[in-house]
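This is what each chain is made of:
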Amino acid sequence: MSRVSSPTFRDSLSVSLTVGAYGVAFGAAAVANGFSVLQSCLLSLLTFSGASQFAVVGVIGAGGSAISGIATASLLGIRNGLYGVLMAPILQVRGLKRLVAAHVTIDESTGVSLSQESRGLKAMREGFWLTGFGVFLFWNLFTLAGALGAKAMGDPSAWGLDAAVPAAFLGLVWPRLKNTTDKTLAIVAAIFAIATTPFLPAGLPIIGTALLAVIAGLWAKK
Amino acid sequence: MSNTLWIGVIGTSVIAFALKFAGHSVPEKLLSHPLIKRINLLIPIALLSALVAVQSVTAKSSIVFDHRLAGLGAAILALFFKAPFPIVVLSAAITSAAVYNLF
């Protein structure tokens, strides 16, 4: 990373700031679900993958076991592995650098990097590192702010925090609903989760819908 | 409960990193099957939708319709009008808090 071309820098910074600011919602959600400020911050520092973090606090907060929380979060983290497959040949790093690269391999760093393709390999690498580190910095700062803010507020319901959490999930899933299969799956998964809640142990109604996704994937092939 | 939370924090973090690092280390062919790619796009849709549902209308193991549903309605409305993420979350929070405090 010697000299940074300015369009790549601008793309990375704007993504980092916007996405990092969502960290407020996560910090608040974690605290509203019973996690401490320290635990909320550790999730952002160590897990560093928004959807997985929201999932583990959501599942455990709803009374689910640690295992179902971890399993749900991990299923959402599989896509980061697929991003790693795409990024490894572009970054060409080994040793410690590869460990760091893996940690900041998320939707945004991969997305910005791939969008720099027309500017060449160097810009793709810069886009990855700048966005990865940028999101990491802002995501963690804003998580702390959100967690402290939520803690100061007290009763989560009085401030609407208990509704902000599902709204945040909805905001994450909405842009992914592109075709009929996606939309049908979303509705069926929601109905399945509500309908099985009185019968299944907490957490299972959520992770059980992963099976619906597999069925939908096989179905859509036809 | 506090053990559950810590196991959740540490377990999620360890697996999240393992998945990311595995991606950087395995040959591309292993994960590039079209069916795996398609299912991988669908899994977040199913899980996130289920989370929206469970967090909006259930409490412990019962189905409960309360102020949160009003908040979710506001979020859906905001998304229909293509509002950005912070507005979606804020409108849900404000609506839900209003219903909770007023009724």
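Rules of the game
Residues numbered from 1 in each chain as written. Chains lettered and ligands numbered in written order. Predicted model: local features only at pLDDT ≥ 70, side-chain atom pairs only at ≥ 80, totals over all residues. Helix = DSSP H or I, 4+ residues; strand = E, 2+ residues; numbered from the N terminus. Rg over C-alpha atoms; globule rule 2.2 N^0.38 Å. Buried ≥ 20, exposed ≤ 12 C-beta atoms within 10 Å, placed from the backbone. Contact = placed C-beta atoms within 7 Å. Nonpolar A, V, L, I, M, F, W, Y, C, P; charged D, E, K, R; others polar. Domains from an automatic or database assignment. pLDDT = per-residue confidence, 0-100. Expected span 1.5 Å × (residues − 1). Axes fitted to C-alpha atoms, helices over the stretch in contact; angles between N-to-C directions. Left-handed = near helix turned anticlockwise from the far one by under 90°. Core = buried A, V, L, I, M, F, W, Y, C linked by C-beta atoms within 7 Å.

Engineer: Looking at this model, I keep getting lost on the overall build of chain A. Mind explaining?
Structural biologist: In terms of regular secondary structure, chain A is built from 12 helices and zero strands. Against the globule reference of 17 Å for 222 residues, chain A gives a C-alpha radius of gyration of 19 Å, in line with a compact fold. Along the longest, intermediate and shortest principal axes, the C-alpha atoms of chain A span 55 × 55 × 30 Å. Looking at chain A as a whole, 58% of its 222 residues qualify as buried. Expressed as a percentage of contacts within chain A between residues at least 6 apart in sequence, the contacts between residues at least 24 apart total 70%.

Engineer: Looking at this structure, I do not really get the environment of Ala216 of chain A. What am I missing?
Structural biologist: Mapping Ala216 of chain A onto the fold places it in helix H12 (residues 209–220). A tally of 24 C-beta atoms within 10 Å means that Ala216 of chain A is categorised as buried. In the structure, Ala216 of chain A is positioned 93 residues away from Ala123 of chain A in sequence and 37 Å away in space, judged by C-alpha atoms. Discounting chain neighbours no more than four positions away, the residues touching Ala216 of chain A are Thr181 and Leu185 of chain A together with Leu42 of chain B.

Engineer: How should the interface of chain A and chain B be read in this particular structure?
Structural biologist: For interface size, the figure often reported is the accessible area lost on association. Listed per partner, the contact involves 86 residues of chain A and 61 residues of chain B. The set of elements that each furnish at least two residues to the side of chain A that touches chain B consists of helix H3 (37–47), helix H4 (50–61), helix H5 (66–91), helix H6 (95–103), helix H9 (161–173), helix H10 (180–196), helix H11 (204–207) and H12 of chain A. By residue number, the principal contributor to the side of chain A that touches chain B is H5 of chain A, which donates 19 residues. Classifying every residue of the side of chain A that touches chain B by side-chain character gives 57 nonpolar, 23 polar and six charged.

Engineer: For this particular structure, what's the right way to read the domain arrangement of chain A?
Structural biologist: All names here are of chain A. With domains assigned, chain A is organised as domain 1 (6–176) and domain 2 (177–222). The C-alpha-based centres of domain 1 and domain 2 are spaced at 23 Å. Contact with domain 1, which involves 13 residues of that partner, is made by 10 residues of domain 2. Looking at which element gives the most residues to the side of domain 1 that touches domain 2, the answer is H5, with five residues.

Engineer: How do you make sense of the confidence of the model for chain A when you look at a structure like this?
Structural biologist: Any residue range with low pLDDT should be treated as having predicted coordinates unsuitable for detailed reading. Taken residue by residue, chain A gives an average pLDDT of 90. The fraction at 70 or more is 97%. Taken element by element, the predicted model of chain A shows its lowest mean pLDDT in helix H1 (residues 6–21) of chain A (84) and its highest in H3 of chain A (97).

Engineer: Just to check I follow, could you spell out H4 of chain A for this structure?
Structural biologist: Note that an α-helix has 3.6 residues per turn; residues three or four places apart therefore point the same way. Residues and elements named next belong to chain A. Counted at 1.5 Å a residue, the expected span for H4 with its 12 residues is 16 Å, and the 16 Å between its end C-alpha atoms agrees. Listed in full, the buried residues belonging to H4 are Gly50, Ala51, Ser52, Gln53, Phe54, Ala55, Val56, Val57, Gly58, Val59, Ile60 and Gly61. Following H4 by one or two positions, Gly63 adopts a phi angle in the positive range, close to 100°.

Engineer: Would you take a moment to explain the environment of Phe21 of chain B for this structure?
Structural biologist: For Phe21 of chain B, the location among the structural elements is in helix H1 (residues 2–25). Counting along the chain gives 65 residues from Phe21 of chain B to Pro86 of chain B, while the straight-line C-alpha distance between them is 31 Å. Residue contacts for Phe21 of chain B: discarding those within four places in its chain leaves Leu99 and Ala102 of chain A.

Engineer: Where do I start with unusual backbone geometry in this structure?
Structural biologist: Among all residues except glycine, the phi angle is most often negative; among peptide bonds, the trans geometry is most common. Residues and elements named next belong to chain A. The backbone of Phe48 sits at a positive phi, close to 45°, despite the residue not being glycine. Relative to the assigned elements, Phe48 resides in the loop between H3 and H4. Among the residues examined, Phe48 registers 23 C-beta atoms within 10 Å and is labelled buried. Despite not being glycine, Gln92 shows a phi value in the positive range, around 50°. With respect to the element layout, Gln92 can be found in the loop between H5 and H6.

Engineer: Whenever I open this one, the packing of H9 of chain A against helix H3 (residues 67–80) of chain B confuses me. Can you help?
Structural biologist: Helix-helix packing: each pair is described by the crossing angle between the helix axes and the interaxial distance. Following both chains from N to C, one finds H9 of chain A and H3 of chain B inclined at 35°, their axes separated by 9 Å at the closest point. Seen along the crossing, H9 of chain A lies across H3 of chain B with a hand that is right-handed. Contacts from Asp162, Ala163, Pro166, Ala167 and Leu170 of chain A of H9 of chain A reach H3 of chain B at His67, Arg68, Gly71, Leu72, Ala75 and Leu79 of chain B.

Engineer: What exactly am I supposed to notice about the nonpolar core here?
Structural biologist: In globular proteins that are soluble, nonpolar side chains generally tend to be buried together. Core analysis: the biggest nonpolar cluster contains 108 residues, and Ala29 and Ala164 of chain A together with Ala46, Leu47 and Ala50 of chain B have the highest contact counts within it. Per-element tally for this core: the top contributor is helix H2 (residues 34–57) of chain B, with 13 residues. Looking at this core, you find at least three residues from each of domain 1 (6–176) and domain 2 (177–222) of chain A. Other than its neighbours up to four places away in sequence, Ala164 of chain A contacts Ala25, Ala28 and Ala29 of chain A together with Val89, Ala92 and Ala93 of chain B.

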